[in-house]
2 protein chains.
Amino acid sequence: MSDSVKFLLDEREMPKTWYNINADLPEPLQPVLHPATKQPVTPDDLAVIFPRAVIEQEMSQERDIEIPGPVRDVYRQWRPSPLYRARRLERALDTPARIYYKYEGVSPAGSHKPNSAIPQAFYNKQEGVKRITTETGAGQWGSSLALAGALFGIEIEIYMVKVSYEQKPYRRALMETFGARCIASPSDLTESGRAILAERPDSRGSLGIAISEAVEMAAKRDDTCYALGSVLNHVLLHQTVIGLEAMKQLEMAGDYPDMVIGCTGGGSNFAGIAFPFLGEQLRGGRAVRCIAVEPSACPTLTKGRFAYDFGDTAHLTPLVKMYTLGSGFMPPGFHAGGLRYHGMAPQISHLAALGYIEPRSYNQLECFAAGIQFAKAEGIVPAPEANHAVRAAIQEAERCRESGTAKTILFNLSGHGHFDMQAYTDYMAGKLKDLVYDESEVAMALAGLPSVN
Amino acid sequence: MSDSVKFLLDEREMPKTWYNINADLPEPLQPVLHPATKQPVTPDDLAVIFPRAVIEQEMSQERDIEIPGPVRDVYRQWRPSPLYRARRLERALDTPARIYYKYEGVSPAGSHKPNSAIPQAFYNKQEGVKRITTETGAGQWGSSLALAGALFGIEIEIYMVKVSYEQKPYRRALMETFGARCIASPSDLTESGRAILAERPDSRGSLGIAISEAVEMAAKRDDTCYALGSVLNHVLLHQTVIGLEAMKQLEMAGDYPDMVIGCTGGGSNFAGIAFPFLGEQLRGGRAVRCIAVEPSACPTLTKGRFAYDFGDTAHLTPLVKMYTLGSGFMPPGFHAGGLRYHGMAPQISHLAALGYIEPRSYNQLECFAAGIQFAKAEGIVPAPEANHAVRAAIQEAERCRESGTAKTILFNLSGHGHFDMQAYTDYMAGKLKDLVYDESEVAMALAGLPSVN
């Protein structure tokens, strides 16, 4: 085991391919269904809103998919990202566990999201797309796509959940600084938005509604495509650069994880760090516990149903088989906007259903407490989303202390909290509460699942 | 010349010593004077508020001063920081110039300030100091010392200029997340603060006042020392790690700067990048233009007087020979809080007076425009302070285009703007104006300079 605290890969060792877990699944994924016909979607169906290269990746069974040169050129600005051994945190916890974290906050947008925004913008540009629409909740994805749009010269139009639009003006300013257009959702620009506003004029929006608006606007215009920041196979694929790097870095450290931990909203950062290790296991290699951590107030994997559902509120997206709380469910307003989504990536859902992924949920107060403990020890203030992973890592390290076992824990610190200091302010002032979701609302939303199930 | 855009030093090449420009000055600095006796201060005078190791560094004539192991251990978390070739900006400007920037925003506090906060906290801890007081304006320095305090287990008490305390709650939250105590200045905790409040109950504070309060509280208590984030020799010394790294990185790039550019408030980040190169020149090596960029609304180097003055408003600090607008001058409230200081580092002032440093000033609107142009090309949103350096680099690159000469430009991107998005919001909304300082106020402040001049 090395004595270092930082493991930096040489640029030349940055992965040249992403890892596609579809190639190693013990059973194939259920097909994606067309929302109208309920038949498996074809590439042509998807071409209304996605460029061909992205559709190919979405459906590919190839294990290793090449990262294009121009994408690698941009990645190189902050990648390979550092892997740290959290020695100061280990000392503070007095644990025999070895805690490593991969830090994705070093990207110019402050999170892992550019790992997929950059290739998505690149493929769109390559196919002559003029404009990309998307949605954003807390703003991590929106600002990453705005950044990618600026670098590749492509217009970005972002439907931002209204509550975040109002509460997070600085995230908005970041997107606008990169030249993107930011619209509060629900808006009166789309049929989906107008329908919501007609019913509930005071709607504060949701990711599900914002997705409907962005998809609608992409489908309507020939020169416009749509981009999603999580959930879909190609997004998870792009994020595997995280785990592939971490694997090489742990090799430098002379170590291998007993468990890999990530927070899960749509699932992209968790998949990004966990899939390369899980793939090893699926191919007969070393086994690893993969712990997916979600908020107790939006417990998709721990309390949801594994069923076909829509990705959005207006039911414009295809139907995917996933863990879901029902597309009609509106999660309460806790401070990890990136985790407020009714569904979960089909690949993660599938692997969780098969028992390869261990879901877990925490309340927000314990997550903020963990985040502050981490900040004091390691000097980095995590995003509220990432605090869920921190909480799990600390709990596992504490279990190691109690049992006297020296496990190796790897977690993904998916982003920094610089744009989330209001949440920390509220937490420190004692103004935050643990929120509970409305069980009857989930029951109703699940009762409304499409008839294909 | 290399084709890369990023030049990363191996950790083993991180400098083991800081560079002390005192060893190479063509004429020695004027002595620092005791505020009461007007005689040169002794180490014992300074020991009331500084640890011995810091005083030794402040007065040292040694060229290379060792960076202690525990400081290097913390530096290693983000150092060596990356040097980038701004190829996308070069293309956008259509310039034959080669533009490089050293990026200090990768530190956990988001700026260059931890380079000095870490060693200062270390030396204090080593000498058994329990608590450090300091001041902060925009909050870059305060959050860096808060970080350092958390890592070394030392209490941090921060007097934050009231206008920033109110306008920048997120910076305050960052300091508090690291466990520091943050007090709006002027406060009623100190005699200096009470005196100001008695005269002007609605005072919004200034760096000069906050320094007075922090110094007073350190002098009063045996277990407490004071730390300054700029101006003094030892602070500039610690920052030279920036330029020393940049030198090795430019060597990797096969290049050497024709000019080195930094923004200047108290002078620490400018000195950090420029002094190692200037030292080369002073020792008979290659000449380099060193361009110090300040705001037109606080034009210390370009319009101030080179004279003995106090560092603070209440006249508790020693007298130093520096460019100053007078310690009674209150700069207008432009959006680069880190550059709102009446004085300038004595070493920089001395070298500017001798003609080795080229001062320049810009208004804030042109600096924000430059910052946004930079963000769109390079993907990083600079702090408003750093925009001054960006503005100068772009102007020099444009001159290269006009004259058809391929100069090498190096500038310091001292920090990111994640905590300054309100300023960008205001700028994009057309709400910012160029501010002018009050010339009669400067005349009055200069007329009030101490009689030693």
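Because the structure is predicted, anything quoted here is derived from the model rather than measured.

Student: How should helix 16 (residues 384-403) of chain A be read in this particular structure?
Tutor: An α-helix turns once every 3.6 residues. As a result, residues three or four positions apart point the same way. Residues and elements named next belong to chain A. Spanning 20 residues, helix 16 covers 29 Å between terminal C-alpha atoms, matching the ideal 28 Å at 1.5 Å per step. Buried residues dominate helix 16, accounting for 15 of its 20 residues. In the segment just after helix 16, Gly 404 is the residue with positive phi, at about 65 degrees.

Student: Teacher, can you tell me more about the packing of aromatic side chains here?
Tutor: Within a pair of aromatic rings, the relevant descriptors are the distance that separates the centres and the angle that separates the planes. Residue and element names in this part refer to chain A. Enumeration over the complete set of coordinates arrives at 29 aromatic pairs over all chains. With a centroid separation of 5.7 Å and 75 degrees between ring planes, the pair formed by Tyr 256 and Phe 277 is classed as edge-to-face. Taken together, the positions of Tyr 256 in the loop between helix 11 (233-253) and strand 10 (259-263) and Phe 277 in helix 12 (residues 268-282) put the pair 21 residues apart, joining distant regions of the chain. An aromatic cluster is present here, built from Tyr 84, Tyr 101, Phe 374 and Phe 411 joined pairwise through their rings. A cation sits over an aromatic face here: Arg 172 above Tyr 165, 4.2 Å from the ring centre.

Student: Can you help me understand the pattern of salt bridges in this one?
Tutor: Where charged atoms of side chains with opposite charge meet at close range, the side chains can pair. This model, assessed by the stated rule, comprises 54 salt bridges over all chains. Taking the shortest distance from any N to any O, the salt bridge between Asp 24 of chain B and Arg 283 of chain B comes out at 2.8 Å. With a gap of 259 residues between them, Asp 24 of chain B in the loop between strand 2 (17-19) and helix 1 (43-46) and Arg 283 of chain B in the loop between helix 12 (268-282) and strand 11 (289-295) connect regions that are remote in the sequence. Using a relative accessible area of 39% as the deciding quantity, one classes Arg 283 of chain B as partly exposed. The salt bridge involving Glu 396 of chain B is made with Arg 360 of chain B; its shortest N-O contact spans 2.6 Å. Of this pair, Glu 396 of chain B sits in helix 16 (residues 384-403) while Arg 360 of chain B sits in strand 14 (residues 358-362), and the two are 36 residues apart along the sequence. One continuous salt-bridge network, built from bridges that share partners, spans Arg 289, Glu 358, Arg 360, Glu 396 and Arg 399 of chain A.

Student: How should the relation of the copies chain A and chain B be read in this particular structure?
Tutor: What relates the pair of chain copies is a rotation about an axis plus a shift along that axis. Taken as rigid bodies, chain A and chain B are interconverted by a rotation of 180 degrees and an axial shift of 0.0 Å, the fit giving an RMSD of 0.0 Å. With respect to symmetry, the two chain copies, as superposed, fit the operation of a two-fold axis.

Student: What is the right way to look at the interface of chain A and chain B in this model?
Tutor: Often the size quoted for an interface is simply the accessible area lost on bringing the parts together. Every contact between the two is made by 39 residues of chain A and, on the other side, 38 residues of chain B. Interface of chain A and chain B: buried area, both sides summed, is about 3500 Å²; carbon and sulfur atoms make up 59% of it. Across the chain A-chain B interface, the total number found is 14 residue pairs in polar contact (both at pLDDT 80 or more). For the side of chain A that touches chain B, the secondary-structure elements that each account for two or more residues are helix 6 (140-152), helix 8 (169-177), helix 15 (364-378) and helix 17 (421-428) of chain A. With six residues, the single largest contributor to the side of chain A that touches chain B is helix 8 of chain A. Taken together, the residues that form the side of chain A that touches chain B break down as 23 nonpolar, eight polar and eight charged.

Student: So what exactly am I meant to see when it comes to the UniProt feature "domain: Tryptophan synthase beta chain-like PALP" (unreviewed entry) in chain A here?
Tutor: Under the UniProt annotation, the feature "domain: Tryptophan synthase beta chain-like PALP" (unreviewed entry) is placed at residues 77-415 of chain A. Strand forms 19% of residues 77-415 of chain A and helix 45%; the C-alpha atoms that close the span are 16 Å apart.

Student: Just checking my understanding: could you explain the pairing of strand 6 (residues 131-136) of chain B for this structure?
Tutor: Side-chain positions along a regular strand alternate between the two faces of the sheet. Residues and elements named next belong to chain B. Among the six residues that make up strand 6, six are buried, leaving the element largely enclosed by the rest of the structure. By the alternation rule, side chains of strand 6 split into Arg 131, Thr 133 and Glu 135 and Ile 132, Thr 134 and Thr 136, which are all buried. Both strand 6 and strand 7 (residues 155-161) contribute to a ladder of six bridges, which runs parallel. Residue pairing across strands places Thr 134 opposite Ile 158, the latter belonging to strand 7.

Student: Mind showing me how you'd approach the side chain of Thr 134 of chain B here?
Tutor: Residue and element names in this part refer to chain B. One can find Thr 134 in strand 6. At 2.7 Å, the side chain of Thr 134 and the side chain of Trp 141 are in polar contact. Beyond its immediate stretch of four places on either side in the chain, Thr 134 contacts Trp 141, Leu 145, Glu 157, Ile 158, Tyr 159, Ala 214, Tyr 226 and Ala 227.

Calculation rules
- Residues numbered from 1 in each chain as written.
- Chains lettered and ligands numbered in written order.
- Predicted model: local features only at pLDDT ≥ 70, side-chain atom pairs only at ≥ 80, totals over all residues.
- Heavy atoms only, no water.
- Helix = DSSP H or I, 4+ residues; strand = E, 2+ residues; numbered from the N terminus.
- Expected span 1.5 Å × (residues − 1).
- Buried < 20%, exposed > 50% of the residue type's maximum accessible area, 1.4 Å probe, protein only.
- Phe/Tyr/Trp six-rings, centres within 6.5 Å; stacked < 30°, edge-to-face > 60°.
- Lys NZ or Arg CZ within 6 Å of the ring centre and 35° of its normal.
- Salt bridge = Lys/Arg side-chain N within 4 Å of Asp/Glu carboxyl O.
- Least-squares fit on C-alpha atoms with pLDDT ≥ 70 in both.
- Contact = heavy atoms within 4.5 Å.
- Buried area = accessible area lost by both parts, 1.4 Å probe.
- Polar contact = N/O pair within 3.5 Å; in protein donor to acceptor, adjacent residues only side chain to side chain.
- Nonpolar A, V, L, I, M, F, W, Y, C, P; charged D, E, K, R; others polar.
- UniProt positions renumbered as here; feature names shortened; annotations may be inferred.
- Pairing = 2+ DSSP bridges.

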